[in-house]
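Now for the letters of each chain:
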Amino acid sequence: MTSTAASAVASVRGVSKTFGARKALDGVSLEVAQGEMVALIGPSGSGKSTLLRSITGLQPIDAGGTISVFGETVQKDGRVTGGVRKARARLGMIFQQFNLVGRLTLFSNVMLGALGRIPGWQGALGLWPGADKKKAMAALHRVGVADYAAQRANTLSGGQQQRGAIARAIVQGAQAILADEPVASLDPVSARKVMELLVELNKRDGLGVIVTLHQVDYAIRYCERVVALKAGKVVYDGPATGLDTKILVDIYGPEFEDAFWETKQ
């Protein structure tokens, strides 16, 4: 799908990343438009997480490539630019290990999404504006964990914590979601709930979503577009319905069925 640079969630041009003698990314070019839900798939070590981290500026790239987010250049010529903070403010990040503060309540963790709108000292003292408190509770209700708002995050299940992380992105006012293996640590029931929430944010709110997945069946079920990486290169970029056996063998090898999670449960 094409889009203007300013409206694209992410525009990646000729991006490589080298770790020692290994190229984690090798000349990757990709554009994701607002409103798309895109799965990044591929074998372990294919470059999925490196690409996602590069888009956010968490992982510096090699010289020569460029990355922009909503038209804001975040990386160029091997350097993270000053525009990365503005870009990150528009991105909700969801991680495999939830990235919640375990000693804080779920409510407090969700309120952290409002930090970009208030002075740091105010957030440190927990002096949250009333409108943001209401927004946080509404977000917790939306993701189905409002009953756990007062519980410490480290007492909650993985699925509950991940839904809390999504609520935090809602409070942040994120215009797109980047999710790095968000269901890898979850049981299938919790994983489906998390994926359904990401689909809802995409369809109902119009947010662009880029999600890395090991589970090919989840990519096919929940995402209309799939980008497959292998050895740091894009080897497939197209509709999820186009992932036939031949393509999957090319990506994963003859044991490609191991990438279908629920068939193994």
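See the structure printed just above.
The present account deals with the structure reproduced in this document.

1. Let's talk about helix H7 (residues 188–203)
An α-helical segment advances 3.6 residues per turn. Residues three or four places apart therefore align on the same side. The first and last C-alpha atoms of H7 sit 22 Å apart over 16 residues, in line with the 22 Å expected at 1.5 Å per residue. Burial in H7 covers these residues: Pro188, Ser190, Ala191, Val194, Met195, Leu197, Leu198, Val199, Leu201 and Asn202. The secondary structure elements touched by the buried residues of H7 are strand E3 (37–41), helix H5 (130–143), helix H6 (158–172), strand E8 (176–180), strand E9 (208–212) and helix H8 (216–222). The backbone nitrogen of Val189 lies 3.0 Å from a side-chain oxygen of the residue at the head of H7, namely Asp187.

2. Some details on the sheet that holds strand E2 (residues 22–33)
In a beta sheet, neighbouring strands pair by backbone hydrogen bonds and run either parallel or antiparallel. Here five strands make up an open sheet; going across it, the order is E2-E1-E4-E5-E6 and the pairing antiparallel. Of all strands in the sheet, those with a lone pairing partner are E2 and strand E6 (79–80), marking the two edges. Strand direction decides the pairing type here: strand E5 (residues 72–76) and E6, joined by two bridges, are antiparallel. The partner of Lys76 across the bridge, within E6, is Arg79. Helix H1 (residues 48–56) contacts strand E1 (8–19), E2, strand E4 (66–69) and E5 of the sheet and is inclined by roughly 60° relative to E2.

3. A look at the packing of aromatic side chains
All told, the structure shown has one aromatic pair when counted by the stated rule. Relative to Tyr222, the ring of Tyr218 has its centre 5.7 Å away and its plane inclined at 80°; by these criteria the two rings are edge-to-face. Taken together, the residues Tyr218 and Tyr222, both in helix H8 and four residues apart, mark about one turn of the helix. Comparing Tyr218 with Tyr222, the two get one shared label, buried. In this arrangement the basic side chain of Lys17 is found over the ring face of Phe19, its NZ or CZ atom lying 5.2 Å from the centre.

Conventions we followed
- Residues numbered from 1 in each chain as written.
- Predicted model: local features only at pLDDT ≥ 70, side-chain atom pairs only at ≥ 80, totals over all residues.
- Heavy atoms only, no water.
- Helix = DSSP H or I, 4+ residues; strand = E, 2+ residues; numbered from the N terminus.
- Expected span 1.5 Å × (residues − 1).
- Buried < 20%, exposed > 50% of the residue type's maximum accessible area, 1.4 Å probe, protein only.
- Contact = heavy atoms within 4.5 Å.
- Polar contact = N/O pair within 3.5 Å; in protein donor to acceptor, adjacent residues only side chain to side chain.
- Pairing = 2+ DSSP bridges.
- Axes fitted to C-alpha atoms, helices over the stretch in contact; angles between N-to-C directions.
- Phe/Tyr/Trp six-rings, centres within 6.5 Å; stacked < 30°, edge-to-face > 60°.
- Lys NZ or Arg CZ within 6 Å of the ring centre and 35° of its normal.

Purely spatial values, then, with no claim about function.
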